[in-house]
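Each chain, written out:
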Amino acid sequence: MTAETNKAAVTAFYDLMFNQCQPAEAVRRYVGSSYTQHNPVVADGQNAFIEYFERMAREYPGKRVEFRRVLADGDFVVLHCYQHWPGDHDYAGIDIFRFDDNGKIVEHWDVLQVLPDPADAKNDNGMF
């Protein structure tokens, strides 16, 4: 698979599961037979992923993500995201996805940071 193909697959996967609240369909289309999760609050596997994001859709209706950067290197795609969680904080996020030889997502890492109040920032550069 090419870097551009992998980037398109990751953004389509993430949009489908997060913005459109269809994690089962996102997994069906884009995830391989195994799914290793490195986020400590989400269990390994396809079913755990689906259950977690179905719960997030119920608890945070209207949640959405904006992709600010999409980078690819070999079998890896990195997203720099602006996550909106209604009734909670907004976050800057970095998600890393690994693809298998069949072009399917099989592994995920992420790091999230609450967006600070701009008045509290020590510079004017912003998170994005």
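Rules used in this analysis
- Residues numbered from 1 in each chain as written.
- Predicted model: local features only at pLDDT ≥ 70, side-chain atom pairs only at ≥ 80, totals over all residues.
- Heavy atoms only, no water.
- Axes fitted to C-alpha atoms, helices over the stretch in contact; angles between N-to-C directions.
- Helix = DSSP H or I, 4+ residues; strand = E, 2+ residues; numbered from the N terminus.
- Left-handed = near helix turned anticlockwise from the far one by under 90°.
- Contact = heavy atoms within 4.5 Å.
- Nonpolar A, V, L, I, M, F, W, Y, C, P; charged D, E, K, R; others polar.
- Buried < 20%, exposed > 50% of the residue type's maximum accessible area, 1.4 Å probe, protein only.
- Parallel < 35°, antiparallel > 145°, perpendicular 65-115°, else oblique.
- Salt bridge = Lys/Arg side-chain N within 4 Å of Asp/Glu carboxyl O.

Trainee: Explain the packing of helix α2 (residues 23-30) against helix α3 (residues 46-59) here, please?
Mentor: Two quantities define a packed helix pair, namely the angle between the helix axes and the distance between the axes. Contact geometry for α2 and α3: axes closest at 8 Å, N-to-C directions at 150 degrees. Seen along the crossing, α2 lies across α3 with a hand that is right-handed. Listed contacts from α3 to P23, A24 and V27 of α2 are Q46, F49, I50, F53 and E54. Partitioning the contact of α2 with α3 into residue classes produces six nonpolar, one polar and one charged.

Trainee: I would appreciate a short explanation of the environment of A92 in the present structure.
Mentor: The topology assignment puts A92 in strand β4 (residues 91-99). A92 sits in the buried class, given a relative accessible area of 8%. Spatially, the C-alpha atoms of A92 and C81 are 5.8 Å apart, while their sequence positions differ by 11 residues. The contact partners of A92, leaving out residues within four places of it in the chain, are C81, V111, L112, Q113, L115, M127 and F128.

Trainee: It is not clear to me how the packing of helix α1 (residues 3-19) against α2 should be interpreted in this structure. Could you clarify?
Mentor: The interhelical angle for the contact between α1 and α2, taken along N-to-C directions, is 160 degrees, at an axis separation of 7 Å. As far as their axial angle goes, α2 and α1 are roughly antiparallel. Viewed along their axes, α1 and α2 form a crossing whose handedness is right-handed. Of the residues in α2, those in contact with A9, A12, F13, L16 and M17 of α1 are P23, E25, A26, V27, R29 and Y30. For the contact of α1 with α2, a count of residues per class yields nine nonpolar, no polar and two charged.

Trainee: Can you walk me through α2 in this structure?
Mentor: The periodicity of an α-helix, 3.6 residues per turn, causes residues three or four places apart in sequence to face the same way. Within α2 the residues assigned to the buried category are P23, E25, A26, V27 and Y30. Considering only its buried residues, α2 is in contact with α1, β1 (31-37), α3 and β5 (105-114).

Trainee: What should I look at first to understand the environment of P118 in this one?
Mentor: Mapped onto the elements of the fold, P118 is located in the segment after β5. Note on P118: relative accessible area 68%, which makes it exposed. Note: C-alpha distance between P118 and E107 (11 residues apart in sequence) is 34 Å.

Trainee: Is there a simple way to explain the pattern of salt bridges in this structure?
Mentor: Once their charged atoms are close, side chains differing in charge can pair, the charge on each being opposite to the other. For the coordinates displayed, the defined rule picks out six salt bridges. Its salt-bridge partner being K7, residue E4 comes within 3.2 Å of it at the nearest N-O pair. Linking E4 with K7, this pair stays in helix α1, spanning three residues, or about one helical turn. For R68, the salt bridge is made with E66, and the minimal N-O distance between the two is 2.8 Å. With a relative accessible area of 37%, R68 lands in the partly exposed category.

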